[in-house]
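# Chain and residue survey
Listed here are the chains, written in short residue letters.
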Amino acid sequence: MSAGLEQAAATSAEQAQQMTDGFHLVINSLKHNGIDTIFGLVGIPITDLARLAQAEGMRFIGFRHEQNAGNAAAIAGYMTQKPGICMTVSAPGFLNGLTALANATTNCFPMILISGSSEREIVDLQQGDYEEMDQLNAAKPFAKAAYRINKAEDIGIGVARAIRAAVSGRPGGVYLDLPAQLLSQTLDAERGKRSLVRVVDPVPRQIPAPDAVKRALDLLRSAKRPLILLGKGAAYAQADADIRALVERSGIPYLPMSMAKGLLPDNHVQSASACRSFVLAEADVVMLIGARLNWLLAHGKGKTWGAPAPKQFIQIDIAPTEIDSNVAIAAPVIGDIGSCVSALLAGMGSGFGKPAAEWTGAIAERKEKNMAKMAATLEKNPSPMNYHSALRAIRDVLKTRPDINVVNEGANALDFTRSIVDMYQPRKRFDAGTWGIMGIGMGYSIGAAVVSGLPVVAIEGDSAFGFSGMELETICRYKLPVVTVIFNNNGVYKGSDPNLNPNVASDVPVTAFVKGARYDKMIEAFGGVGYNVTTPAEMSKALSDAIAAGKPALINAVIDENAGTESGRLINLNPKKGATKT
Ligand code: ADP
Ligand code: TPW
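Residues numbered from 1 in each chain as written. Chains lettered and ligands numbered in written order. Predicted model: local features only at pLDDT ≥ 70, side-chain atom pairs only at ≥ 80, totals over all residues. Heavy atoms only, no water.

With that settled, the discussion passes to the site of ligand 1. As a matter of local geometry, ligand 1 sits amid 19 residues, with Arg 170, Lys 232, Arg 292, Asp 317 and Ile 337 nearest to it. Within the side chain of Arg 170, a nitrogen or oxygen atom sits 2.8 Å from an oxygen atom of ligand 1. At a separation of 2.8 Å, an oxygen atom of ligand 1 approaches a polar side-chain atom of Arg 292. A total of 580 Å² of accessible area belongs to ligand 1 in isolation, and the protein chains cover 96% of it. Ranked by residue count, the leading element in the shell around ligand 1 is helix α12 (residues 232–236), at 3 residues. In terms of residue class, the shell around ligand 1 is made up of 8 nonpolar, 6 polar and 5 charged. (Near = heavy atom within 4 Å. Polar contact = N/O pair within 3.5 Å; in protein donor to acceptor, adjacent residues only side chain to side chain. Areas by Shrake-Rupley, 256 points an atom, 1.4 Å probe, with all protein chains shown as cover. Helix = DSSP H or I, 4+ residues; strand = E, 2+ residues; numbered from the N terminus. Nonpolar A, V, L, I, M, F, W, Y, C, P; charged D, E, K, R; others polar.)

As structure tokens, then:
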């Protein structure tokens, strides 16, 4: 090389050294805010972004479908109060991730969906670009906030804005659009460094007004039959000790919503789960902590709530517009749950009167009766095995490992697991949530395993599993300690429905799957361990062995194909047929 060329090369290397680009600024912005993991799926224009993330010490967990990556990010957000990050390619990849973003927003989980997007000037003129789509506008109705960054110098502030939007106030899903050309934009390295923003106090405390706290306590003191309802917002808030103190010092019976199970151990003497219908109908004052009066709580009215008996609600929530959403709330307490609960504790002092023995005694009596009835059902050993006998075995194994994460979806598989498998620690149960969505199974399992470093047991209906089943490969690739149990009853809800039209007898019924499918063989294809079990004893052994091995495993649990009921406990939500004939 000539001296001139050598010098030119040296100068350009020096210049290059002093430059940074969009790729680096995105990764550095995330790292600068303590984000260390990305769940995603590569392709144009984000492959190099993923490579760089890995090269720079972040974990990039690569999935087989973006919806599952998004679900992993969402549950990571729920577990940590830091936004989970999902990264996808443009148009179809983005849309695949969007369902997860919408689900996160619906469940109040903080996550950020970062998608690469195609060239703005072509997209906006609809000139037919590769993966053309107006992603920013498509995301808006499904996200808490949606932003696009157009200039490299704005990456720092754009990422900061996305983080704050996801975790402050009511958490939710945020969309961040990164056009391909942004990633290769260059910027002076020093300026780039200065453009990074570390979000100060991303989850600010929001202190409740003293008069709201007093109003709530006055109402609680006046109650004859008080009840506390703990929702997943309470679990999310990580105010575990204060919530327990509030429940125990007040002596008020409580009900956990499904993902609040374990916030206090399910075998707690004040838990009224075993007589849920009784307490919902009979309570006169109900304190909701991080739970919405949506369909899961019969909208706070009607027979479930003992109508026409009047009911008064105290509601602790960070979102003021949640109040009076379904019924009038007598005492709203607006703020973060940690601050609200500690203010209530301070206001209660030490002399807070416990509820009347008449109320707690009636609950204890019903609880005992219902639990004895349930125990008798669980002890039965029908052949073939059913939900109850299989779940008895699972319950007994999981009792020995309260640190294990439980993921749960399906209809009957969800309902029965929720009521039979006790939880003992907070934020260990992740399920179909506010939407009752199928497809969260493997995504949540991977997210929970990666974040906690602890085993996961996913309890899945065979239909539910199908929505994310290909991620078994991801679980095996990353060697995650996820044990998937499939309640195999040959179909959606159950496998014994008839085909209503004898003229097309060759078509299987609408709810049916291949009979006797061996899901355990699927995981073997990727190097995991498969078990096929037909009795509670086999279930117990397989589950204990799989957990002890700490390796990817799948248990195909063959249960009675008549065992399920349509839609589990939600049969009443199916629209009724008006006509007997068309
Ligand atoms: P569940 O399904 O368990 O009943 P929901 O998802 O319906 O629970 O309700 C959760 C509620 O918790 C939401 O209304 C949300 O605004 C609220 N929430 C979430 N995080 C916090 C927090 N840190 N402080 C106060 N409220 C919160
Ligand atoms: C994204 C509708 C609710 S529950 C369910 C479906 C398809 C599966 C029930 O069968 P499974 O469980 O999983 O075998 P079990 O124990 O009752 O036999 N698409 C989406 N979400 C939902 N909720 C549905 C469809 C549904």
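With that out of the way, let us pick up the packing of aromatic side chains. Scanning the model with the defined rule gives 10 aromatic pairs in all. Arranged with centres 6.2 Å apart and planes meeting at 25 degrees, the rings of Tyr 78 and Tyr 236 form a pair that is stacked. On the criterion of sequence distance, the pair formed by Tyr 78 in helix α4 (residues 66–80) and Tyr 236 in helix α12 is long-range, its members being 158 residues apart. A relative accessible area of 9% means that Tyr 236 is categorised as buried. Taken together, a centroid distance of 5.4 Å and an interplanar angle of 15 degrees make the contact between Tyr 387 and Phe 487 stacked. With Tyr 387 in helix α17 (residues 387–399) and Phe 487 in strand β17 (residues 482–488), this pair connects stretches of sequence that are 100 residues apart. Per residue, the accessibility class of Tyr 387 equals that of Phe 487, and both read buried. In textbook terms, an aromatic cluster arises when at least three aromatic residues are bridged by ring pairs, as seen for Tyr 78, Phe 109, Tyr 236 and Phe 430. (Phe/Tyr/Trp six-rings, centres within 6.5 Å; stacked < 30°, edge-to-face > 60°. Buried < 20%, exposed > 50% of the residue type's maximum accessible area, 1.4 Å probe, protein only.)

Here we take up the side chain of Ser 445. Tracing the sequence through the fold places Ser 445 in helix α19 (residues 441–452). We classify Ser 445 as buried; its relative accessible area is 0%. When near neighbours in sequence (up to four residues on either side) are disregarded, Ser 445 contacts Val 407, Ile 440, Val 456, Ala 458 and Val 482. (Contact = heavy atoms within 4.5 Å.)

The subject of this paragraph is the sheet that holds strand β5 (residues 111–117). Pairing in this open sheet of 6 strands is parallel, and the strands run β3-β2-β4-β5-β7-β6 from one edge to the other. Each end of this open sheet is capped by a strand with a single partner; those strands are β3 (59–62) and β6 (145–148). Taking the axes of each pair of neighbouring strands and ignoring which way they run, one obtains an average angle of 20 degrees across the sheet. Alignment of β5 against strand β7 (residues 173–179), held across 7 bridges, turns out to be parallel. Pairing of Met 111 across the sheet is with Gly 173, part of β7. On top of the sheet, helix α8 (residues 155–167) reaches β5, β6 and β7; it is set at about 165 degrees to β7, its chief contact. (Pairing = 2+ DSSP bridges. Axes fitted to C-alpha atoms, helices over the stretch in contact; angles between N-to-C directions.)

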